[in-house]
Amino acid sequence: MTEIYQSHWPLTFLIFFPLLGALAAWLAGEENAKRVALAAGVVELAVAIPLFGAYQPGATDCGMGGAAASQMQNCAAIPWFGEWGIFYRIGMDGISLFMVLLTALLLPLMVLGSWTYIRERRRGFYASLLALTTGVVGVFVALDMFLFYVFWEIMLIPMYFLIGIWGGKERIYAAVKFFLFTAVGSLLMLVAILWLFLRTGGTSFSYFDFLNLQLTGSQQLFLFLAFSLAFAIKVPVFPFHTWLPHAHVQAPTAGSVILAGVLLKMGTYGFIRFAVPLFPNVARAESTVWWAMALGVVGILYTAMVAKVQPNAKRLVAYTSVAHLGFVILGIFAYNLQGMQGALMVMIGHGLSTPMLFFLLGMMYERRHSYEIDDFGGLAASVPLLSTMLVFAAMASIGLPGTAGFLSEFLVLIGAFGAQPWFALIAGLGVIFAAYYMLPMVQKVAFNALSRPANRDIPDLNGRELAILLPLALLIVLLGVYPKPVLERMEASAAQVLELARQDRLAPDPVNFVPDVASSAAGR
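Okay, so let's go over this structure.

Definitions and limits used
- Residues numbered from 1 in each chain as written.
- Predicted model: local features only at pLDDT ≥ 70, side-chain atom pairs only at ≥ 80, totals over all residues.
- Heavy atoms only, no water.
- Helix = DSSP H or I, 4+ residues; strand = E, 2+ residues; numbered from the N terminus.
- Buried < 20%, exposed > 50% of the residue type's maximum accessible area, 1.4 Å probe, protein only.
- Contact = heavy atoms within 4.5 Å.
- 1 Å grid on protein atoms, 1.4 Å probe; cavity = no way out; pocket = protein on both sides within 12 Å on 5 of 7 lines; lining within 4 Å.
- Points joined across faces, edges and corners; volume = space filled by probe spheres on them.
- Nonpolar A, V, L, I, M, F, W, Y, C, P; charged D, E, K, R; others polar.
- Core = buried A, V, L, I, M, F, W, Y, C linked by side-chain atoms within 4.5 Å.
- Salt bridge = Lys/Arg side-chain N within 4 Å of Asp/Glu carboxyl O.
- Phe/Tyr/Trp six-rings, centres within 6.5 Å; stacked < 30°, edge-to-face > 60°.

What follows concerns the environment of Gly 261. Note on placement: Gly 261 falls in helix H12 (residues 253-278). The exposure class assigned to Gly 261 is buried, which follows from its relative accessible area of 0%. It is 13 Å that separates the C-alpha atoms of Gly 261 and Leu 244, two residues lying 17 residues apart in sequence. Other than its neighbours up to four places away in sequence, Gly 261 contacts Leu 102, Leu 106, Gly 351 and Pro 355.

Before going further, it helps to spend a moment on the layout of surface pockets. Picture a little ball the size of a water molecule; that probe, rolled over the atoms, points out where space is still empty. Considered as a void within the structure, the largest pocket measures approximately 680 Å³ in volume. As for the largest pocket, its lining consists of 23 residues, and the residues nearest its centre are Tyr 117, Trp 166, Gly 167, Gly 168 and Tyr 365. For the lining of the largest pocket, the secondary-structure elements that each account for two or more residues are helix H7 (156-166), helix H11 (243-250) and helix H16 (337-368). Taken together, the residues of the lining of the largest pocket sort by class into nine nonpolar, seven polar and seven charged. Approximately 460 Å³ is the volume found for the second largest pocket.

This next bit is on the nonpolar core. Grouped burial of nonpolar side chains is what soluble globular proteins tend to show. Phe 227, Leu 263 and Phe 333 are the most contacted members of the largest nonpolar core, which has 198 residues in total. Aside from chain neighbours lying at most four places away, what touches Leu 263 is Leu 132, Val 136, Met 155, Met 159, Lys 234 and Ile 258.

So, about H7. Every buried residue of H7 is accounted for by Leu 156, Pro 158, Met 159, Leu 162, Ile 163, Gly 164 and Trp 166. Summarising the contacts, the buried residues of H7 are in contact with helix H5 (122-141), helix H6 (145-154), helix H8 (171-199), helix H10 (217-234), H11 and H12.

For the rest of this paragraph, the subject is the pattern of salt bridges. Tallied over the full model, the rule gives six salt bridges. A salt bridge links Glu 31 to Arg 122, with the nearest nitrogen and oxygen atoms 3.1 Å apart. With Glu 31 in the loop between helix H1 (9-28) and helix H2 (33-48) and Arg 122 in helix H5, this residue pair connects regions lying 91 residues apart in the sequence. Overall, the relative accessible area of 14% leaves Arg 122 in the buried class. Residues Asp 93 and Arg 273 are paired through a salt bridge, measuring 2.7 Å at the closest nitrogen-oxygen approach. Placement of the pair is Asp 93 in the loop between strand S2 (86-92) and helix H4 (96-113) and Arg 273 in helix H12, with a sequence separation of 180 residues. Like Asp 93, the residue Arg 273 is buried in the burial classification.

With respect to the helices, strands and loops of the structure, Thr 288 is situated in helix H14 (residues 286-308). Overall, the relative accessible area of 15% leaves Thr 288 in the buried class. Ignoring any residue separated from it by four or fewer positions in sequence, one finds Thr 288 in contact with Phe 224, Val 282, Ala 283 and Phe 333.

Bringing the packing of aromatic side chains into the picture now. A complete count under the given rule lists 32 aromatic pairs for this structure. Centre to centre, the rings of Phe 197 and Phe 205 are 4.1 Å apart; their planes meet at 5 degrees, and the pair counts as stacked. Judged by its relative accessible area of 5%, Phe 197 falls in the buried class. Residue Phe 205 is classed as buried on the basis of its relative accessible area of 4%. On the numbers, 6.0 Å between centres and 15 degrees between planes, the contact of Phe 406 with Phe 410 is stacked. On the criterion of helical spacing, the pair formed by Phe 406 and Phe 410 is a turn pair, its members being four residues apart in helix H19 (residues 404-419). Of the residues examined, Phe 410 reaches a relative accessible area of 45% and is grouped as partly exposed.

And the structure:
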């Protein structure tokens, strides 16, 4: 077992097994699709969990990229289209480890959460959910830029169908808006990837080879902006966030869960893994840091104000994602270890608390067929278990001490204060505003008068629903009380990203911005 978990096979399995599960769910028919999907999700999680224990912080180079790959484990570099420099090149460090684990954890929970929610076209739904998992895991472990882009784009298709087929009344509008926003940003990133490929002489798409390129200031600026646009839309960073509330409100519960839980993290992961290390001179420039942190702070405060006035509980929770991920941007561009680790912890904590909220809202929708806050009231009297879980998830989202949200935002604010004190002080107001919009929603839903007869006789949480919520609640508390095992595993990788960001990779002499394509082709 130990030898296997030191090879690339666990990652390869986690990437491609969901595709097999998708095919099996499709072939199993309408009645059995959810059972096959649940089995596939449980297997995926069972294979992923040992990665936590097998990961060795500070491991030596796995043979792909010298010092830049010193934290990478479970590596592979297998020729795919070798003559074009395209390899099946994957690996995992202390950053991608937790994104993979989070994806694997949410998969079986999403299947359970859709058990009675999805009643039509079930085999297509579960096949799409499993296929989406392949794209997400692939993004987090790809170390070949062509492979990364393939997984980045693969993810769009099943997510489009999840929103567009199984969503609400305005599902087509939401699905198209989600697709267009993401695709437009991705096209510029593709241009940047191809340009970097040609700068290698048309020989390699390796992330590590791209790290070794010397670029002029104008080249770094253009490329950084191209990558950052794609990632900013995915996060989403203000003002690119307008697609998110529509997508969340119209998506089925599982779609909202995976969107908030891991898809948004693909954007922040992209900043950490690619935009910052590949173009360090621009990424750490004073103007870049100022604008990035300013947009993060605006996202925290503006979306808090917008969330406060939302009559729809699902839309309210959707806006909280923009606020939480504003803290991630703040931590990344603080360029210190506390900020970076805090950003990573926010990604994990948000990936637990916000899916928990969406699961609860989905359970409420199944009982009352509404997300409107005014349609509820007094649920603490009729469904005490559900109300207790709702209060807990809301407190975790706010960042109550003892939960993962408190520790992560505290680390971010410490890191940001060391870099830009005023931004940190303003962002600190976001913690207060989180209570400002979340607590009134909980008050109205759970503790106001039980004035609507339809709320009196609805059933409380059943065993299946508790099986979804309890693991998330347990992990939220565990990370809030004892985060040491997680911080230890991510520390060396976070420090290495910061080291890469401090390097000076400006080209010593001006070079032509456009590579000599003819020479590159002749070199092959």
